[in-house]
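Structural overview for review
Each chain, letter by letter, is given below.
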Amino acid sequence: MTLRTSKLIVKVNNSTLLNNISVNFSAGKLTGIIGPNGAGKSTLLRTLAGLQTQQHGNIFLDDKPTHEISKKTLAQTISYLPQSPECHWALTVERVVSLGRFPYQTGRHLNQKDINAIKEACYATDIQHLVERPIHQLSGGEKARVMLARALATQADILLADEPIVSLDPRHQLEIMALLQTIARTGKTIVLVLHELHFVMRYCDELILLDKGLKIDEGDPPSVLTPQNLRSVYGIDSISGQHQNKNWLLPWNPL
Amino acid sequence: MMSFTYLLETKREKRLVLFFLTVTILLFFASLLIGDTPLNIAPALQAIFQGHHTIDQLILQHIRLPRSLLAIIIGASLGIAGAALQGLLRNPLAEPGLIGVSASAALGAVIVFYSGLSLIFPLALPLGGITGALLSVTMLFLLAGRNSSVLTLILAGVAISSLAGALTALALNLSPNPYASLEIFYWLMGSLSNASLNHVWLILVPTLLGWWLLIRSRAALDVLSLGEETASTLGVNLSLLNKQLILGVALSVGAAVSVSGGIAFIGLIIPHLLRPFVAHRPSSLLIVSGLGGAALLLIADMTVRLVPTQQELKIGVLTALIGAPFFLRLILSSRREWLS
Amino acid sequence: MNCKQIFLLACSLGLIIFSTTGFSRPQRIVSLNLCADQLLMELLPPQQLVGITQMATNPDISYSYEKAKKYHTHSGRTEEIIALQPDLIVAGQFTSSTTNQLLEQLGYSVIKIGLPRTILDVFQQIKKLAQQVNAKHQAEALITNMQGAQKNLLQAQSSHPLPRAAVYYANGYSAGKNTITHEILNLAGYSNIAAEYGLTTVAPFSLEKLLASRPEILIFGHFQDNQASLAHQLLQHTAIQTLITSHHVKTITMPDRYWNCAGPSSIAAAQYLAGLHSL
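If you're wondering where the values come from, they're calculated on a predicted model, not measured in any experiment. The residue count restarts for each chain, going from 1 along the sequence in the order it is written. Think of it this way: whatever chain is written first is A, whatever ligand is written first is 1, and the rest follow in order. Since the coordinates come from a predicted model, pLDDT governs what is reported: local features require at least 70, and pairs of side-chain atoms require 80 or more to be given and counted, while whole-chain, interface and lining totals use all residues. Note that water and hydrogens are dropped before the side-chain values are worked out from all heavy atoms of the structure.

What to know about the domain arrangement of chain C
All names here are of chain C. Going by this rule: Annotation comment: domain bounds sourced from an automatic or database domain assignment. Contacts were defined at the residue level, with two residues in contact if any of their heavy atoms lie within 4.5 Å. Accessible surface is computed with a 1.4 Å probe, and the buried area is the amount of it that two parts give up when combined, taken over both parts together. A 3.5 Å cut-off defines polar contacts: any pair of N or O atoms within that distance qualifies, except that in protein one atom must be a possible hydrogen donor and the other a possible acceptor, and neighbouring residues in sequence count only when both atoms are side-chain atoms. Numbering of helices and strands runs from the N terminus; a helix is a DSSP stretch of H or I covering at least four residues, while a strand is a stretch of E covering at least two.
Entries for chain C in the domain assignment read domain 1 (27-114) and domain 2 (156-274). Relative placement of domain 1 and domain 2: their C-alpha centres are 30 Å apart. Counting from both sides, the interface comprises 11 residues of domain 1 and, opposite them, 8 residues of domain 2. For the pair domain 1 and domain 2, the summed buried area comes to about 810 Å², and 65% of that belongs to carbon and sulfur atoms. Applying the counting criterion to the domain 1 and domain 2 interface returns 3 residue pairs in polar contact (both at pLDDT 80 or more). With 5 residues, the top contributor of residues to the side of domain 1 that touches domain 2 is helix 2 (residues 34-43).

Topic: the sheet that holds strand 2 (residues 49-53) of chain C
Residue and element names in this part refer to chain C. Definition in use: Only when DSSP finds a minimum of two bridges between them are two strands counted as paired. All axes here are fitted lines through C-alpha atoms, helices being fitted over the stretch that makes contact, and every angle between N-to-C directions spans 0 to 180 degrees.
Ordered in space as 3-2-1-4-5, the 5 strands form an open sheet in which the pairing is parallel. Bordering the open sheet on either side are strand 3 (73-74) and strand 5 (110-113), each of which pairs with just one other strand. Of the pairings in the sheet, the one linking strand 4 (residues 88-92) to strand 5 comprises 4 bridges and is parallel in character. The residue bridging alanine 91 from the neighbouring strand is lysine 112, located in strand 5. Sheet strands touched by helix 2: strand 1 (29-31), strand 2, strand 4 and strand 5. Its angle to strand 2, the strand with the most contacts, is close to 145°.

Here's the deal with the sheet that holds strand 8 (residues 158-162) of chain A
Strand pairing in a sheet takes place through backbone hydrogen bonds and is either antiparallel or parallel in direction. Residues and elements named next belong to chain A. As summarised here, the arrangement of the 6 strands in space is 7-8-9-4-10-11, forming an open sheet in which the pairing is mixed. Because the sheet does not close on itself, it has two edges, and the strands there are strand 7 (78-81) and strand 11 (214-219). Averaged over all adjacent pairs, the angle separating strand axes in this sheet is 15°, with direction ignored. As paired elements, strand 4 (residues 30-34) and strand 10 (residues 206-211) share 4 bridges and run parallel to each other. Looking at strand 10, one finds that isoleucine 34 is bridged to leucine 209. Relative to strand 8, helix 1 (residues 41-49) is tilted by about 145°, and along the sheet it contacts strand 4, strand 7, strand 8, strand 9 (189-193) and strand 10.

Remarks on the interface of chain A and chain B
Put simply, the rule reads: Any Lys or Arg side-chain nitrogen found within 4 Å of a carboxyl oxygen on Asp or Glu counts as a salt bridge.
Listed per partner, the contact involves 39 residues of chain A and 38 residues of chain B. By the criterion of area lost to chain B, the three top residues of chain A are A:Trp89, A:Phe102 and A:Arg108, representing 25% of everything that side buries. Along the contact surface separating chain A from chain B lie 2 salt bridges. In this structure, the salt-bridge partner of A:Arg108 is B:Glu13, at a minimum N-O distance of 2.6 Å. Viewed at the interface, chain B and chain A are joined by 6 residue pairs in polar contact (both at pLDDT 80 or more). Breaking the side of chain A that touches chain B down by element, the ones donating at least two residues are helix 1, helix 2 (71-77), strand 7, helix 3 (93-98), helix 4 (112-124) and helix 5 (140-153) of chain A. Ranked by residue count, the leading element in the side of chain A that touches chain B is helix 4 of chain A, at 6 residues.

Shown next as structure tokens:
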């Protein structure tokens, strides 16, 4: 399933958050949307998820404009995980994850297929031992993994996640990034908004660099995370290299 | 520990519903037996089925039966509406009485009743209550719906309650009937004492419609726990859901208040007490709260009939005596969460 | 003493005697209470009863509403009352107490009358009031009339057991033993159900008890014009309506003006009720 935008313009209260954005998100790839604060990363993700309407331009799912697709099909095809996801009631972890199956449900009932999807999602995010606990009792990192499991339980072709690893410990950060990469390899389209440039360099297949609503660059991480781009967009200096045949990058100094 | 089959299990919930249903039915029959005149139940029932009119039959069918039925219907409406409002506004303090929905419904009913409109057109009475309730829930939703801050909700509720109460007092004072201004207490505190079968028929249709709207929205209420935006991406039609919930609450609470006055706190106490039994799941809470509300109001009504005061105690006074300290305790025990 | 001095002395004595007896005879009386209005109208002409309440002209609540048209009415406000320059004010014991207090503080003499519970109490009240406004003859004539009517009513009563009647007021109240309503019922030849159940004042009487008492007659206050209140809605409860049709209960609608004051209207009330016996 291919996801692409064409000449997207989003304006809110006289300020242009996205300016003529045309991007392509390929299936089977983990794409990162990066850029400094206020670049429009979350706005782009939210617009892709259907939460923000654009003033101009279109979003296409397999060359069909999203406004021609039913809400139910969209919900089954695109899974969205917001920044700092919340749960207002002290539901058990497995109940929270099961909410990800809502796009397929008729009424309140889950079938075996739903249960399997939920199980898989819980194991993948390493929360299977927490399933009967009320979500409010969990730590920040555990909660974040539960919320990711919810998004994974939908088994949608496209996953949009806004800073999904920001509150996790290093081990889980690595595990989740590896997981997302694995999922991408099965043919899914994964789009992440990320701040952690070292993870971006290591795990993303493609990058889209935004700044002040404009697309500055796109391509694979080494070609986007150049010293020039980092200097002009982020205002930082970095060090980089290779380890075990993979590229690494570390922000070093503000300029 | 890793029992995902819990998600498939519906037995626990069914057992809970069955339990409350049984309790409510038993309380209903007990309520028929309570009154200040001794009644021979068997001959009275016989007379009802045979269509004869005896004194015992009249007392049972026209005084005790409507009163007990209204207690069930109104208690259930208040319970369901409380649970629904809490799901809609994602706030455990939302309750028709506390946030001004009952007061607005009372205002609508008072205007219709004391202007004489309901004497010409009886259905105008529940319609008045429903209109009042609809206006206030809509206003509350616009003021405090998307912002889930407890403070905003309570303040909006206080503002709406005060305004509705003041307008109700004004409307009663302007009425030409000399008894009107004394009846404000009834409208603000609530009472089932003059219940008649007419009242039951009058509110039956809007109440059932309201319940239906609320119950069919319950699956989406669960998803709403994740917030409006996430729910929308999961396929929930937010505007339809909000409209269904608002209209459902307005219909059931509006109709109830138009014949009983504003009975408060049932929609706060029952969902709060029952939430742990349904693992905090909003969709499960609805029906169970309805039954719990019916049972609680039946108990309160029976108490009011048994307490030997000269003028019968208004039932709303009793629910407030229990509910207000309960509310205070809620505030004290979770102060930290609500200051955010 | 010479003739001139005797003449002056006689004149001054005469003046003194005249003025003291003049001061003991109130010339300008104002009534602040509907029941007092009606009593005083029987005893005094408009020249002496210079102010009565506006309620006295309301046919819904005042029995003597026709008579009241000849008298000057006031709205009850203190300024209006003072402007009438009264030398005696008659008020109710339980009504307008703040106005009464104020008038007393301003130096006016205020008589307060209570609510009689029996016909004998009524006669006593009339006599006492007549003494204070100096209308003894009129009082005697009034009482004699009332006693005559009372005797006729009692004689007209049959020796059969009296039909059982329940009076039902707005909000579900009934009148028990020590009330003027009870007297009126007895005078009219009915047995008061509320008294049977032990009520001794005007008190709540539950709907269930009303039905269980199996009344032969139900007497309602006149509420046809006043239906828009919960108090009155109770009187139209389906339980009562069905009782009336299924058990052939006779209903009498009693205009309020007959019995919201205890006085001459009470005899008229009893006559009204007695006249409906045979219907």
